[in-house]
Amino acid sequence: MPSLKRHFLKTTTGLLAGLLLAGVASAQSFPTKPVTLMIPYPAGGLSDNIARRVNVPLGAALGQPAIVDNLGGGSGSIGAQKVLNAPSDGYMVFQGSPNELILAPLAISAIKYKPESFRQIHRIALAPMAIFVRPGFPAKTADELAAHAAKVAKEGKPMTYASVGVGSFYHLLGAKMSKDLGVEMTHVPYKGGADAQRDLFTDLVDIFITPYGPAQVELVKQGKMRALAVLTPARQRLMPEVPSTTESKALKTFTAEIGTGYFVKRDTPEPVVQALHQALQKTLGDTQLRAGLFAMGQETSPLQTLAEADQAYKAEISAYQAIAKSINLQAQ
């Protein structure tokens, strides 16, 4: 019996070691088939356009095609959950932002995943943001906006700010502005940015804090809305005449930007994560990609180590959860 037990243990140990070595070899040879980029929004939008500029150079860097898969719904959570339901092998990569991975779980009670379930491999792009106001809005500067907000709040007619939904990045920024200024402001949620802009054009809502690109700049030129201030520490190339909030007194510390990054399940094997990271770094050097992102108003992300990318994501989790707590955001 003892010899039989030793034989069983030896055989089992050998099998486990074989499986482990096979898993390591598989990870080190990654990828051996196409990689899917999960885009949590329908085709034609900003996220999809970014992905279709990334997938060709990324596929070349990986030595396998990078296929774009659009799956919208649930504020991006349906696509995110599909990635979590897939094997932890790196063949399904999530393209997203804090909106889907951090804020959606805070705002939607049906979402059960946690942002910590994902690991950021690398940012790809950063979107500048600005405070846009309706054509008839009386304030011309950030400080005048602060004075106007205080005046109408005192009169019982709080200034209104648009967002693309409760718990969205846009919602949290508006709520943070209200808190920073110490005045009441009324949140007006919309189903999407197009709807919010439509009501901004017609003076039905006061302000809309949102990422912007050439399309929004053109709308400003047409007089459909005005850009009051950008939320980056310095002025931006697309609207160099528009001051930064840091140039004001009332909103001097009110800055923000939103990044698009690539994520995998946190338990994805390290050799796979490293292979994806190296491919994304190579992709970021592609001149056509950089030109395409530039044309969309996106700033190409600086290169990040894996540790820097992960730390940046963890910092975002802490920051956005703190804002949500400060405004008492309740999941619906």
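Everything discussed here concerns the structure shown above.
For clarity, every value in this text was computed on a predicted model and none was experimentally measured.

Participant: For this particular structure, what's the right way to read the nonpolar core?
Facilitator: Nonpolar side chains in soluble globular proteins tend to be buried together. Counting residues in hydrophobic clusters, the biggest one holds 51 residues, and the most contacted among them are Phe118, Ile131, Leu145, Met177, Ile207 and Ile209. Counting 29 residues, the second largest nonpolar core, distinct from the first, contains Ile50, Leu62, Val273 and Met296.

Participant: When you look at empty space enclosed by the protein in this model, what are you seeing that I'm missing?
Facilitator: In this approach, a probe sized like a water molecule rolls over the atoms, and the result shows the empty space that is left. In this structure the tally under the stated criterion is two cavities of 30 Å³ or more. For the lining of the largest cavity, the elements supplying multiple residues, two or more each, are strand 1 (35-39) and helix 9 (270-283). Taken together, the residues that form the lining of the largest cavity break down as eight nonpolar, no polar and no charged. Taken as a whole, the second largest cavity encloses approximately 30 Å³ of empty space. Looking at the second largest cavity, the residues that line it are Gly96, Ser97, Pro98, Gln120, Arg123, Gly259, Gly261, Phe263 and Glu316. If you list the elements that add at least two residues to the lining of the second largest cavity, you get strand 4 (118-133) and strand 9 (257-265). Of all the elements, strand 9 adds the most residues to the lining of the second largest cavity, at three residues. Its residues assigned to classes, the lining of the second largest cavity shows two nonpolar, five polar and two charged.

Participant: Even after reading the chapter, I still don't get the side chain of Gln216, so can you show me in this structure?
Facilitator: With respect to the helices and strands, the residue Gln216 is situated in helix 8 (residues 214-221). Take Gln216: its relative accessible area is 16%, and that puts it in the buried class. Engagement of the side chain of Gln216 in a polar contact is seen with the backbone nitrogen of Gly213, the distance being 2.8 Å. Every residue in contact with Gln216, bar those within four places of it in the chain, is listed here: Phe132, Gln197, Pro211 and Met225.

Participant: So what exactly am I meant to see when it comes to the pairing of strand 3 (residues 92-96) here?
Facilitator: Every other side chain in a regular strand lies on the same face of the sheet, so the side chains alternate between the two faces. For strand 3, the buried fraction is high: five of the five residues fall into the buried class. Going residue by residue along strand 3, you find Met92, Phe94 and Gly96 tucked away on one face and Val93 and Gln95 tucked away on the opposite face as well. Inspection of the sheet shows strand 1 paired to strand 3 by three bridges, in the parallel sense. Paired with Thr36 across the strands is Met92, a residue of strand 3.

Participant: Where do I start with the packing of helix 4 (residues 98-107) against helix 11 (residues 306-326) in this structure?
Facilitator: The angle between the axes and the distance between the axes are what describe a pair of packed helices. Their axes nearest at 10 Å, the elements helix 4 and helix 11 cross at an angle of 35 degrees. For the pair helix 4 and helix 11, the sense of crossing is right-handed. Within the contact between the two elements, helix 4 uses Pro98, Leu101, Ile102, Leu103 and Leu106 and helix 11 uses Tyr313, Glu316, Ile317, Tyr320, Gln321 and Ala324. Of the residues that constitute the contact of helix 4 with helix 11, the class distribution is nine nonpolar, one polar and one charged.

Participant: Honestly, the packing of aromatic side chains in this entry has me stumped. Any pointers?
Facilitator: The geometry of an aromatic ring pair is captured by the separation of the ring centres together with the interplanar angle, meaning the angle of the planes. For the coordinates displayed, the defined rule picks out seven aromatic pairs. Arranged with centres 5.4 Å apart and planes meeting at 85 degrees, the rings of Phe169 and Tyr320 form a pair that is edge-to-face. On the criterion of sequence distance, the pair formed by Phe169 in helix 6 (residues 169-181) and Tyr320 in helix 11 is long-range, its members being 151 residues apart. Exposure class is identical for Phe169 and Tyr320. Each is buried. When the ring of Phe263 is compared with that of Tyr313, the centres are 5.0 Å apart and the planes differ by 65 degrees; the resulting orientation is edge-to-face. One end of the pair, Phe263, is in strand 9; the other, Tyr313, is in helix 11, with 50 residues separating them in the sequence. For the pair formed by Phe263 and Tyr313, the shared burial category is buried. Clustering of aromatic rings is evident, with ring pairs tying together Phe94, Tyr113 and Phe118. Over the face of the ring belonging to Tyr91 we find Lys33, whose NZ or CZ atom lies 4.6 Å from the ring centre. Taking NZ or CZ as reference, Arg237 lies 3.5 Å from the ring centre of Phe294, over its face.

Participant: Looking at this model, I keep getting lost on the environment of Gly73. Mind explaining?
Facilitator: Considering the arrangement of structural elements, one finds Gly73 in the loop between strand 2 (66-70) and helix 3 (77-85). Owing to a relative accessible area of 30%, Gly73 belongs among the partly exposed residues under this scheme. A C-alpha to C-alpha distance of 8.5 Å links Gly73 and Pro42, two positions 31 residues apart in sequence. Other than its neighbours up to four places away in sequence, Gly73 contacts Pro40 and Ile78.

Quick notes on the rules
Residues numbered from 1 in each chain as written. Predicted model: local features only at pLDDT ≥ 70, side-chain atom pairs only at ≥ 80, totals over all residues. Heavy atoms only, no water. Core = buried A, V, L, I, M, F, W, Y, C linked by side-chain atoms within 4.5 Å. Buried < 20%, exposed > 50% of the residue type's maximum accessible area, 1.4 Å probe, protein only. 1 Å grid on protein atoms, 1.4 Å probe; cavity = no way out; pocket = protein on both sides within 12 Å on 5 of 7 lines; lining within 4 Å. Points joined across faces, edges and corners; volume = space filled by probe spheres on them. Helix = DSSP H or I, 4+ residues; strand = E, 2+ residues; numbered from the N terminus. Nonpolar A, V, L, I, M, F, W, Y, C, P; charged D, E, K, R; others polar. Polar contact = N/O pair within 3.5 Å; in protein donor to acceptor, adjacent residues only side chain to side chain. Contact = heavy atoms within 4.5 Å. Pairing = 2+ DSSP bridges. Axes fitted to C-alpha atoms, helices over the stretch in contact; angles between N-to-C directions. Left-handed = near helix turned anticlockwise from the far one by under 90°. Phe/Tyr/Trp six-rings, centres within 6.5 Å; stacked < 30°, edge-to-face > 60°. Lys NZ or Arg CZ within 6 Å of the ring centre and 35° of its normal.

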